[in-house]
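Structural overview for review
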Amino acid sequence: MVRAQSGLEFITGVTIMLVIYVIAIGAYSYYTENNIIEDTFAEHVCYKFSEGINAAVIGGDGFSINMSVPYKVYADPLTAIRVSGNYTATVEWSDKIAVCSIVTRNITSQVVYSGKVSATNMDSTVYLTSIDTNQSDYLVGEAALIMSQYINGAAANLTIFYSNGTALLGPLTRTAASNSINYTWNTAGIASDDYTVFVADNDYKNLNAEKLVRVR
């Protein structure tokens, strides 16, 4: 009887160990698979972004292209794309990065955010224009802090659209300081919707950007 009980305990212990092993292997495989997918996705985002910049360089003076920077890298929010003067662009998300090369150092070294951004070649320098907000989702009544750069003229127009394309606010003329404009949008009393913020330089219309802002 004692031997039978010991044998049963042994089998039970082995079974538990096998279950733990299978769960651990499954979790590790899932984690590894998601990492590979995220890394591949981020590399694709980086290459598409660099292609846009390279097109602006090849297009020459006056050439402009609009690009879409996704809001997520697979399942995680995309933080930003950091552009430097050493021929690199870096996609940042979570605590990870993906790096790719660009063909110019004559570029506005800055952080580019999710949404529609423009790359415009003016006098052999590529100007990148994007919009940043302090959040992506807001509760009705929260203040949305909006900042946009690169603005090369004295001012830029800012317009906020409903999801159906109707203008809610603007165009508002905002004076540029250090090639940036800022605006605090009070969402009190507005309807829950996915809004589009659009900014365009008054003097250089090709310097423009869009960003989706969700209010709930």
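Only a predicted model underlies this, so the values are computations on that prediction, with no experimental measurement involved.

**Some remarks on the pattern of salt bridges**
With the rule as written, the count across this model stands at 6 salt bridges. A salt bridge links R214 to D194, with the shortest nitrogen-to-oxygen separation between them at 2.8 Å. With R214 in strand 15 (residues 208-215) and D194 in strand 14 (residues 193-201), this pair connects stretches of sequence that are 20 residues apart. Among the charged side chains, a network of salt bridges with common partners joins E38, D39 and K96.

**Remarks on the environment of S68**
With respect to the element layout, S68 can be found in strand 1 (residues 64-69). Here S68 falls in the exposed class, since its relative accessible area comes to 59%. Distance from S68 to S114, taken between C-alpha atoms, is 7.5 Å for residues 46 residues apart in sequence.

**Concerning the confidence of the model for the protein**
Residues with a pLDDT of 70 or more make up 84% of the protein, whose mean pLDDT is 88. When the criterion is pLDDT under 50, residues 18-31 qualifies, and its contacts beyond four places in sequence or with other chains add up to 0 contacts.

**Digging into the pairing of strand 10 (residues 143-149)**
Across 4 bridges, strand 8 (residues 125-133) lies against strand 10 in antiparallel orientation. In the strand pairing of strand 10, I131 is matched with S148. In terms of strand pairing, strand 10 meets strand 13 (residues 181-186) through 6 bridges, oriented antiparallel. Across the sheet, residue S148 finds its bridge partner in strand 13, namely I181.

**Observations regarding the state of the cysteines**
Tallied over the entire structure, the rule returns 1 disulfide. The side chain of C46 participates in a disulfide bridge whose partner is C100; the two sulfur atoms lie 2.2 Å from each other. The S-S bond linking C46 to C100 shows a torsion near -85 degrees; that makes this disulfide left-handed. Pair noted here: C46 is in helix 1 (residues 2-59) and C100 is in strand 5 (residues 96-101), with a separation of 54 residues, a long-range link.

**Considering unusual backbone geometry**
With an omega dihedral of 10 degrees, the bond running from Q149 to Y150 counts as a cis peptide bond. Position of Y150 relative to the elements: it lies in the loop between strand 10 and strand 11 (155-161). A cis geometry characterises the amide bond from G170 onward to P171, with omega recorded as 10 degrees. Mapped onto the secondary structure, P171 falls in strand 12 (residues 167-175).

Conventions we followed
Residues numbered from 1 in each chain as written. Predicted model: local features only at pLDDT ≥ 70, side-chain atom pairs only at ≥ 80, totals over all residues. Heavy atoms only, no water. Salt bridge = Lys/Arg side-chain N within 4 Å of Asp/Glu carboxyl O. Helix = DSSP H or I, 4+ residues; strand = E, 2+ residues; numbered from the N terminus. Buried < 20%, exposed > 50% of the residue type's maximum accessible area, 1.4 Å probe, protein only. pLDDT = per-residue confidence, 0-100. Contact = heavy atoms within 4.5 Å. Pairing = 2+ DSSP bridges. Disulfide = S-S within 2.5 Å.

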